[in-house]
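Fold and contact review
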Amino acid sequence: MTDTAFENYTTLMTELYSKLKQFGHVKYNEPLSKHTSFKLGGPADFFAIIDTKESFIQAVRFLEEEGIDYMLLGQGTNVVASDDGFRGVIIQMRDTAYHVDGVTIRAAAGCATVEIAHASAKAGLTGFAWGVGVPGTIGGAVRGNAGAMGGEMKDVVVSIEVLRDGGVMNLSNAACVFGYRDSIFKRNHDCILEATLQLTPAADAQGMKEVLNHLAYRNKTQPQGWSSSGCIFKNVLLDDPSLLSVKNIEIPVVFQEKKVIPAGWLVEQAGLKGAQIGGAKVSEKHGNFIVNTGGASATDVFSLIEMIQETVYTQYGITLEEEIQRIE
Ligand SMILES: Cc1cc2nc3c(=O)[nH]c(=O)nc-3n(C[C@H](O)[C@H](O)[C@H](O)COP(=O)(O)OP(=O)(O)OC[C@H]3O[C@@H](n4cnc5c(N)ncnc54)[C@H](O)[C@@H]3O)c2cc1C
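Read on for an overview of the structure. Only a predicted model underlies this, so the values are computations on that prediction, with no experimental measurement involved.

Reading the values: rules and limits
- Residues numbered from 1 in each chain as written.
- Predicted model: local features only at pLDDT ≥ 70, side-chain atom pairs only at ≥ 80, totals over all residues.
- Heavy atoms only, no water.
- Pairing = 2+ DSSP bridges.
- Helix = DSSP H or I, 4+ residues; strand = E, 2+ residues; numbered from the N terminus.
- Axes fitted to C-alpha atoms, helices over the stretch in contact; angles between N-to-C directions.
- Contact = heavy atoms within 4.5 Å.
- Phe/Tyr/Trp six-rings, centres within 6.5 Å; stacked < 30°, edge-to-face > 60°.
- Buried < 20%, exposed > 50% of the residue type's maximum accessible area, 1.4 Å probe, protein only.
- Near = heavy atom within 4 Å.
- Polar contact = N/O pair within 3.5 Å; in protein donor to acceptor, adjacent residues only side chain to side chain.
- Areas by Shrake-Rupley, 256 points an atom, 1.4 Å probe, with all protein chains shown as cover.
- Nonpolar A, V, L, I, M, F, W, Y, C, P; charged D, E, K, R; others polar.
- Expected span 1.5 Å × (residues − 1).
- Arc of directions from axis to C-beta.

The sheet built from 4 strands is open, its strands ordered E1-E2-E5-E3 with mixed pairing. Each having just a single partner strand, strand E1 (25–31) and strand E3 (70–73) make up the two edges of the open sheet. Across the sheet, the mean angle from the axis of one strand to that of its neighbour is 25°, orientation sign disregarded. Direction of pairing for E3 relative to strand E5 (residues 86–93): parallel, over a ladder of 4 bridges. Across the sheet, Leu72 pairs through a bridge with Ile91, a residue of E5. On top of the sheet, helix H1 (residues 3–20) reaches E1, strand E2 (43–50) and E5; it is set at about 20° to E2, its chief contact. Contacting E2, E3 and E5, helix H2 (residues 53–66) runs over the sheet at an angle of about 160° to E5.

Applying the stated rule across the entire model yields 5 aromatic pairs. Note on Tyr28 and Phe46: the rings are 5.5 Å apart at their centroids and 50° apart in plane angle, and the pair reads as tilted. Residue Tyr28 is located in strand E1, and its partner Phe46 is located in strand E2; the two are separated by 18 residues in the primary sequence. Judged by centre distance (5.0 Å) and plane angle (80°), the rings of Phe128 and Trp130 are edge-to-face. For the pair Phe128 and Trp130, one class covers both residues: buried. Among the aromatic residues, those joined into a cluster by ring pairs are Tyr17, Tyr28 and Phe46.

What surrounds the ligand is a group of 34 residues, the closest being Leu72, Gly74, Thr77, Thr137 and Gly147. Between the ligand and Pro135 there is a distance of 2.7 Å, counted from an oxygen atom to a backbone nitrogen or oxygen. Contact distances for the ligand include 2.9 Å between a nitrogen atom and a backbone N or O atom of Ile192. Protein contacts shield 92% of the accessible area of the ligand, which totals 990 Å² for the unbound molecule. Mapped by element, the contributors of at least two residues to the shell around the ligand are E3, helix H4 (138–143), strand E9 (147–148), strand E13 (191–198) and strand E15 (227–231). Split by residue class, the shell around the ligand holds 13 nonpolar, 17 polar and 4 charged.

Between its first and last C-alpha atoms H1 spans 26 Å; for 18 residues at 1.5 Å apiece the expected length is 26 Å, and the two agree. Of the residues making up H1, those classed as buried are Met13, Leu16 and Leu20. With its buried residues spanning 65° around the axis, H1 presents them on a single face. Exposed and oriented more than 90 degrees from the buried face of H1 are Asp3, Thr4 and Glu7. Considering only its buried residues, H1 is in contact with E1, E2, H2 and E5.

Below, the structure written as structure tokens:
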């Protein structure tokens, strides 16, 4: 870069920094490893933490008007951020307001899913206890139609408030087009602002008992104490009958009945539990978790993902699709 180009670049960055500061707390050249559950990823040019829905809306409108690249981040529990980081602005929505009214809960996108699950049980409601097993925010959970233990966001969402093309609007459950770990928000640029959930009154302390059961199950089946992004791959849905006769493997009846092959089971059958590249390792406890053993790079994780996909495809002819979102 010439001296003049460098000066112009510095001026632009300084201007952008002071403009972003109108909306919230802004960090420059911020390592994404500090904001992701995998604890890896290079720097974002800017990292803006925004506490209120109104400021968040203004910030997104500003970035769109200026044509500046940005990406939303919840709690970073479903992402793998590249070692090069992100050129542009990462926006973290930290509005954590929620309101319980009868069987309805309105929660801002920045609310922790776990907190809303606890609040629902405390309010004597059932239907969202599974949320205690899902780290991250309500915004991230809606986008990915997060779910656990047979429950999914699509079962409880009444409507979602979004910012679309600068305007605020409400979408019905049907308009969100939820599918398995999927929604319309994976294919558009809507910013999720708030979710309205409808639950069911629980008998006695049923909601609390469900919360405790979910936590116990999660501790038994998932690796504890490791940095990860949860499940790396989507489970394989058996909606295509040809998958019942995949090569070299017999699909257990229980999976045939549930019409789903757990990706972790395929990884285990392929002999990949414990496989390691650099600091990234397939968990010994759960084949669909890659854990950071300390000092893993995103490149290690991406290489391990590729190796798993190639092995599973070569052995069984099944393509494992990523559940995590890449930040690159
Ligand atoms: C230990 C562990 C266990 C897990 N178990 C489960 C599980 O049982 N079930 C499950 O479904 N998931 C699970 N996950 C994955 C993760 O918890 C969920 O996907 C979660 O809902 C992600 O929320 P987040 O706020 O961290 O999203 P992030 O990881 O921050 O973001 C994920 C995506 O959502 C987008 N996004 C975030 N906020 C918004 C918004 N307001 N508007 C629009 N887009 C937005 C981001 O741009 C990104 O593309 C697990 C993860 C970990 C680490």
